[in-house]
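# Observations on the model geometry
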Amino acid sequence: MNVIRENRDLACFYTTKHSWRGKYKRVFSVGTHAITTYNPNTLEVTNQWPYGDICSISPVGKGQGTEFSLTFRKGSGKKSETLKFSTEHRTELLTEALRFRTDFSEGKITGRRYNCYKHHWSDTRKSVVLEVTPGGIDQIDPATNKVLCSYDYRNIEGFVDITGYQGGFCILYGGFSRLHLFASEQREEIIKSAIEHAGNFIGISLRIRKESLEFEQYLNLRFGKYSNDESVTSLAEFVVQKITPRHLEPVKRVLALTEACLVERDPATYNIATLKPLGEVFAIVCDCENPQLFTIEFIKGQIRKYSSTERDSLLASLLDGVRASGNRDVCVKMTSTHKGQRWGLLSMPVDEEVESLHLRFLAAPPNGNFADAVFRFNANISYSGVLHAVTQDGLFSENKEKLINNAITALLSQEGDVAASNAELESQFQAVRRLVASKAGFLAFTQLPKFRERLGVKVVKALKRNNDGVTHASIDMLCALMCPMHDDYDLRQEQLNKASLLSSKKFLENLLEKFNSHVDHGTGALVISSLLDFLTFALCAPYSETTEGQQFDMLLEMVASNGRTLFKLFQHPSMAIVKGAGLVMKAIIEEGDKEIATKMQDLALSEGALPRHLHTAMFTISTDQRMLTNRQLSRHLVGLWTAENKTAMNLLKRILPPGLLAYLDSADPVPEKDADRMHVRDNLKIATDQYGKFNKVPEWQRLAGKAAKEVEKFAKEKVDLVLMHWRDRMGIAQKEDRNNMNIIQKPVILRKRRQRIKIEANWDLFYYRFLQDHARSNLIWNFKTREELRDTLESEMRAFNIDRELGSANVISWNHQEFEVKYECLSEEIKIGDYYLRLLLEEDETEESGAIKKSYEFFNELYHRFLLTPKVNMKCLCLQALAIVYGRCHEEIGPFSDTKYIVGMLERCTDRLERDRLILFLNKLILNKKNVKDLMDSNGIRILVDLLTLAHLHTSRATVPLQSNVIEAAPDMKRESEKEWYFGNADKERSGPYSFQEMQELWNSGKLTSKTRCWAQGMDGWRPLQVIPQLKWCLLASGQAVLNETDLATLVLNMLITMCGYFPSRDQDNAIIRPLPRVKRLLSDSTCLPHITQLLLTFDPILVEKVAILLFHVMQDNPQLPRFYLSGVFFFIMMYTGSNVLPIARFLKYTHTKQAFKSEETKGQDIVQRSILGHILPEAMVCYLENYEPEKFSEIFLGEFDTPEAIWSNEMR
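A brief report on the enclosed structure follows. Keep in mind that what you see is a predicted model, and the values were worked out from it rather than measured.

## Remarks on the overall build of the protein chain
A count of helices and strands for the protein chain gives 45 helices and 33 strands. For the protein chain, contacts bridging at least 24 residues in sequence account for 65% of all contacts bridging at least 6. Split by element, the accessible area of the protein chain, about 55,200 Å² in all, is 50% carbon and sulfur.

## Side note on unusual backbone geometry
Residue Arg-1074 is joined to Pro-1075 through a cis peptide bond whose omega torsion reads -10°. With respect to the helices, strands and loops of the structure, Pro-1075 is situated in the loop between helix H36 (1045–1062) and helix H37 (1078–1084). Backbone geometry at Tyr-823 places phi at a positive 55°, although glycine is not the residue there. Counting through the fold element by element, Tyr-823 comes out in the loop between helix H26 (783–806) and strand E26 (831–832). One non-glycine residue, Phe-1099, lies in positive phi territory at about 55°. Examined against the element boundaries, Phe-1099 turns out to sit in the loop between helix H38 (1089–1094) and helix H39 (1101–1115).

## Description of the pattern of salt bridges
Under the definition given, this model contains 33 salt bridges. Residues joined in a network through salt bridges with shared partners are Glu-96, Arg-99, Asp-152 and Arg-154.

## Here we look at the packing of aromatic side chains
Within this structure, the stated rule accounts for 43 aromatic pairs. Summarising the aromatic geometry, the rings of Phe-567 and Phe-570 are spaced 5.9 Å apart at their centres and angled 65° between planes, so their arrangement reads as edge-to-face. Judged by its relative accessible area of 1%, Phe-567 is buried. Look at Phe-570 and you get buried, because its relative accessible area is 6%. Lying over the aromatic face of Tyr-117, Arg-125 brings its terminal NZ or CZ to 4.6 Å of the ring centre.

## A word on the nonpolar core
Leu-455, Met-618, Trp-641, Leu-656, Phe-766 and Leu-789 are the most contacted members of the largest nonpolar core, which has 153 residues in total. Top contributing element to this core by residue count: helix H15 (residues 525–539), with 11 residues. Counting residues in each nonpolar core, the second largest holds 100 residues, with Val-885, Val-1052, Leu-1121 and Ile-1172 among its members.

## Quick word on the side chain of Thr-91
Within the fold, Thr-91 resides in helix H1 (residues 90–98). Residue Thr-91 is classed as buried on the basis of its relative accessible area of 16%. Each residue touching Thr-91, except ones within four places of it in the same chain, is listed here: Arg-154, Ile-202 and Ile-204.

## Describing the sheet that holds strand E28 (residues 981–984)
In space, the four strands of this open sheet follow the order E29-E28-E30-E31, with antiparallel pairing throughout. Two strands lie at the open edges of the sheet, namely strand E29 (990–994) and strand E31 (1023–1024), each paired on one side alone. This element, helix H34 (residues 996–1005), spans E28, E29 and strand E30 (1013–1016) of the sheet and lies at about 130° to E29.

## Some points on the packing of helix H30 (residues 899–908) against helix H32 (residues 929–937)
Taken N-terminus to C-terminus, the directions of H30 and H32 make an angle of 45°; their axes are 8 Å apart at the nearest point. Comparing the axis directions of H30 and H32 gives the class oblique. Note on packing geometry: the crossing formed by H30 with H32 is right-handed. Listed contacts from H32 to Thr-899, Lys-900 and Val-903 of H30 are Asn-931, Asp-934, Leu-935 and Asp-937. Counted by class, the contact of H30 with H32 contains two nonpolar, two polar and three charged residues.

## So, helix H33 (residues 940–948)
Among the nine residues in H33, eight count as buried, and that is most of the element. Every buried residue of H33 is accounted for by Gly-940, Ile-941, Ile-943, Leu-944, Val-945, Asp-946, Leu-947 and Leu-948.

## Brief notes about the sheet that holds strand E9 (residues 125–132)
Read across the open sheet, the eight strands follow the order E11-E10-E9-E8-E14-E13-E12-E15; overall the sheet is mixed. If you trace the sheet from one side to the other, it starts and ends with strand E11 (147–152) and strand E15 (213–214), each paired once. Sitting on the sheet, helix H2 (residues 187–202) touches strand E8 (112–119), E9, strand E10 (136–140), strand E12 (156–163) and strand E13 (168–173), and the angle it makes with E12 is about 170°.

About the criteria used
Residues numbered from 1 in each chain as written. Predicted model: local features only at pLDDT ≥ 70, side-chain atom pairs only at ≥ 80, totals over all residues. Heavy atoms only, no water. Helix = DSSP H or I, 4+ residues; strand = E, 2+ residues; numbered from the N terminus. Contact = heavy atoms within 4.5 Å. Areas by Shrake-Rupley, 256 points an atom, 1.4 Å probe, with all protein chains shown as cover. Salt bridge = Lys/Arg side-chain N within 4 Å of Asp/Glu carboxyl O. Phe/Tyr/Trp six-rings, centres within 6.5 Å; stacked < 30°, edge-to-face > 60°. Buried < 20%, exposed > 50% of the residue type's maximum accessible area, 1.4 Å probe, protein only. Lys NZ or Arg CZ within 6 Å of the ring centre and 35° of its normal. Core = buried A, V, L, I, M, F, W, Y, C linked by side-chain atoms within 4.5 Å. Pairing = 2+ DSSP bridges. Axes fitted to C-alpha atoms, helices over the stretch in contact; angles between N-to-C directions. Parallel < 35°, antiparallel > 145°, perpendicular 65-115°, else oblique. Left-handed = near helix turned anticlockwise from the far one by under 90°. Nonpolar A, V, L, I, M, F, W, Y, C, P; charged D, E, K, R; others polar.

See the structure below:
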């Protein structure tokens, strides 16, 4: 048989041939020139038919089946022969074969062509030609007649009509219902023809969906199940050039990595051009010649080629993302997958027989070519490991284990011989990875003799080649030994393997040396990323629990000694690498000894990493998933670097206001947990449904799905998803220890984690509050302050980076000791201690910010400032603040030793504002009983009572419409008696009397000065004008009062009432206390009492009420009570016509019968005669007062009565 030399296999299928000799297995290959069959055991060609000899290839029977027939001509005659085969993958095999239909000998079938419009991703309509062919629908460019793409029937899920779009229909394609929209006059015909072709040639039935879609719905669902936001929101983005046969030149695209997809966007419009699920990535191929080129291979057979200037960083991120999405089968390599070597589809694991055959090929290559056997093995076996290693009952089939061990031995005996090319050596490591990722291979590492030694030698030699591809493959393989990549794994075995791998310090130094050199040169992102995986499995929780203690410490120390390297990685363009570095950093700080942890924390400062991450942590506000992932990581690092670190905390104190830092110590939860962007989702969206509705779910996915549900018991601590390693998200399950079936085994002892440093601070709350605006006494925080902080941090980091570049020969360290943020925008605010005066004064006492920290020191600082400042306004601000602080914290602050001094100031001051502020301060000071004594000692009562007289001067008071027959004076009437003031001139001649107005004129003309001595009836002697309250406050005083005269009097009365309340007139046994308490003695004095009672004549309801209460207090058991009527108090009080008479009634009931206005004998028995009110009120009212409670009396007093008992009405009042 002549074998066509130049024929290359394009797609192979493991089939069964049905012949008269029986059924036997054949590899059925669709090649470039012919269809060939091979003997699977020897790879010998058994048959070959050039396309020119083939008549047809078609499905057997209606509907879905496995059989198909191949008809071909024998020799030159007309005679044809038909062979029958069967395979699981009939539709795929027929599709591949029919691509060559135009070369067949018969019916060079050309399909019918239709002119259409395609709704392009840029939302424009492009004119295209559709051709319905036996294998699919081809989209052809009308200009060049080139096929742009084919929609194979096998991947079409159906058709759907689009309403509101003329002639519109969609092809649902690709296993996730991606919608491709076309418009054609011949819509019905195209669909009908396609359905017929699919049934006849491929053996599948396509349908039109019953429900049509609106055009709007199409726009929302064009990416099928990946149309939701999560699937198209970028986690990482890179600019690439796409190399495609559709375009002559490379096209610029943004390649975006999302949670579930790889999305290509147009940089100009940000429109999505294509979208591929990460689960469909099969392999990533790096070009060895051109450091910018890479190719992504997908399981459906598509290949996408790109070039990028940051290829390796992009691939590190891509690999991390693909793995985190649950795809365990992805690997990175130098050579493209040779599809013709795989016996089956890329989208499904191969048959168990095919797996076994390829394991045998490694031990005995059929064509004597070992390198070829390795490539074939890699093409057929999933990167996630040999799949069919375990029989149904969970035990190894002896045979399979032997096969695996032989294969390992074969791979290792080829000690990366010098002859092997880099690509071959890489493929050998990837083959080992496939073996050790399975359970048998994982066990073999410590059980198979010489495995460990040989592997060590092979890896060390490989590292010497300095080829990134080889290095990455070898380290990725080591990672599969460090941490099992198969389900149902055994912790003990993991411990053994790990202990064995970490036992050689020399070997670890080798690896770290690779790591450091790549980081320093900014190269080899994939190598760095695989080494970070290696370190993660050794050092980071939860994996580190199986690391042997001494080895853990040794490795931790080795990594920490190159701390700066780790810090360099935090600026890496690949988020995956930054994340890896973050995990390792966390392990070093939490588990290293004090010295190492502190060293890392110090490096964070000297490397300038803390301010940079603080900046990211605070100022990233975005809905962009990538930014938020970054922010989460930065927040975590900031927490680690500042935990239990004085220097860093002091830096924060210089950067941020104390009111904000206070939140770090708060125990409050964040109001609504700032939606943690790291969507902790069900371990993976494991893709049971990922591959569409008609594909069988691959075995590994079923396993993964199950595993994800019983999510590893092992990973007890899931950090925020961002800080989760990809392996955590694959759902690999640990073995359930079934009551230790093997009793001889010792239990597994895990290394105890030591979290020496824990993040105790409430950072969540801090960041939450940071973004809000605050205007409180201890914190002013708003857009301006945030911007100023941002600018300062940014310019500092910029300057530091420049210094670094200039001094690149030396190690440059950041001067963090002197860095501080000044907040110029707050420079106008008066700040004392940690508090802003203005806001302290504006604050409402009920606010939650009421607690003043370190109130005693703050009170003293305020008082200190009050004493120092010469400005009245500033003095008053301080007084106001002192009053607030003392009011809130008088218990902590205790007695105020300078109360006397404050009273003295009140006596001397001539500024109305200052006077009111001093009184308001005194009003708070009397909350402490000791201060009341100081106030009395310094003549404070007298000074306060003097101020009461000012109430008479309040002219703008609302007048009470009097219901009485008192004849009122006309406003312009001047009573002679108002002329009561005398003053003495320089020669002590007295002149007067003058009225108040006249005194005012004399003052204005300059006749009177503050020193002039004055006198009026009722004063106890001549006094300088400046100490007579009425004159001082009307003539001399300056400034704007806070309180009007009535409010001032009310405040003073309240203070006097409070002070009386401290000193009751009876003790607890109700015995009368003598001498009368001092405060009441002072108030009963003839210099004070008349002033108080005369306030009744203001007829101001509040003042009258307060005076009544105060007098009631003062007169309790007061020896002067009987003579009290002499002050005229009863007449004054009865002239009052307001309705708040209850306090008045209390006072009257207590006093009216106790007045000595007649001698005892004449008083007699009669109540009317005994009462001072007998002459003023009707008899009945006096009786009421005596016999009822004050409440009842008030009620009657205000009522209208015409009863036998009492006649009482408005007029009588």
